[in-house]
Every structure is written in structure tokens, then in C-alpha cells.
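Chain by chain, the residues run as shown.
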Amino acid sequence: MAYNTHNIAPYPTRAAIVSGGANAQVIGQALTVTSTATSQFSAFNASTEFITFDVQTANVYATFGGETPASGTGHILTQGNSYTWSKAAAAAAKFVATTTTNSVLYASEFQT
């Protein structure tokens, strides 16, 4: 099995400096995922390169190609695990809970 590992030093994405404002860290996103509707993350900051998120409460199905995730269509992301994806992959991803128990995905944005 091949692995592709990069040694990077990511840090939390900072919001752009606004006139008179601060260079504050971008706030994380909590996404509630149900079994009855497809969920997607909100837009990410333009400076963001990576999204790190964890799956809380219950497993979810995920797809990237526009199809609706479901049993037999999509990847299973398991509760209790964390994932790091490119911003493009996270923005394209659609999620549905694998059972009637809702899940929460909590995402944080990073850049290098």
C-alpha cells in the first residue's frame, strides 16, 4: 500500500485584515448531518488550503462527484475519527448520516 505524506506546518486560517479590524482566526463550522437530507459545508475562507474535521455522534456517507450519498454510494466516514482534506474536496463533499441518528461534523480551516 502506498502512502503520500507531506511534512507541512499548517496553521489556522486568519481572516483578512479589515480596516480598523483584527487579523482574527476563522471560526470553525459545525455541520449537522441527518439521514433525510444532503448536507454540505458553508463556503470557506479564500486563504484556506486544508480542512480538518471530525465526525461526531454517528457515521456518515460522503460523496465528491455530485451524486447523493447513500448506502452503496459513497465513502463511510466513521464516528470518532478525524480527516484532513483539501479545501476543494471539502467544498465538493456531500454528507448523509448512515442511520436515523444525526451526526455533527466539526471543521477547522488551515493554511500553510
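Quick note: structure is the one above.
Presented here is an overview of the structure given in this document.

What counts as what
- Residues numbered from 1 in each chain as written.
- Predicted model: local features only at pLDDT ≥ 70, side-chain atom pairs only at ≥ 80, totals over all residues.
- Heavy atoms only, no water.
- Helix = DSSP H or I, 4+ residues; strand = E, 2+ residues; numbered from the N terminus.
- Buried < 20%, exposed > 50% of the residue type's maximum accessible area, 1.4 Å probe, protein only.
- Contact = heavy atoms within 4.5 Å.
- Areas by Shrake-Rupley, 256 points an atom, 1.4 Å probe, with all protein chains shown as cover.
- Polar contact = N/O pair within 3.5 Å; in protein donor to acceptor, adjacent residues only side chain to side chain.

All right, on to the overall build of the chain then. Per the secondary structure count, the chain includes 1 helix and 8 strands. For the chain, the succession of helices and strands along the chain, N to C, is β-β-β-β-β-β-α-β-β. When the 112 residues of the chain are sorted by exposure, 29% land in the buried category. Within the chain, contacts between residues at least 6 apart in sequence are counted, and of these 74% link residues at least 24 apart. Summed over all atoms, the accessible surface of the chain reaches about 6600 Å², with 52% contributed by carbon and sulfur.

Bringing the side chain of serine 39 into the picture now. For serine 39, the position within the fold is in the loop between strand E2 (29-33) and strand E3 (50-56). Judged by its relative accessible area of 10%, serine 39 is buried. Separated by 3.2 Å, the side chain of serine 39 and the backbone oxygen of threonine 32 make a polar contact. Not counting residues within four places of it along the chain, the set of residues in contact with serine 39 comprises Leu31, Thr32, Val33, Thr34, Ala93, Lys94 and Phe95.

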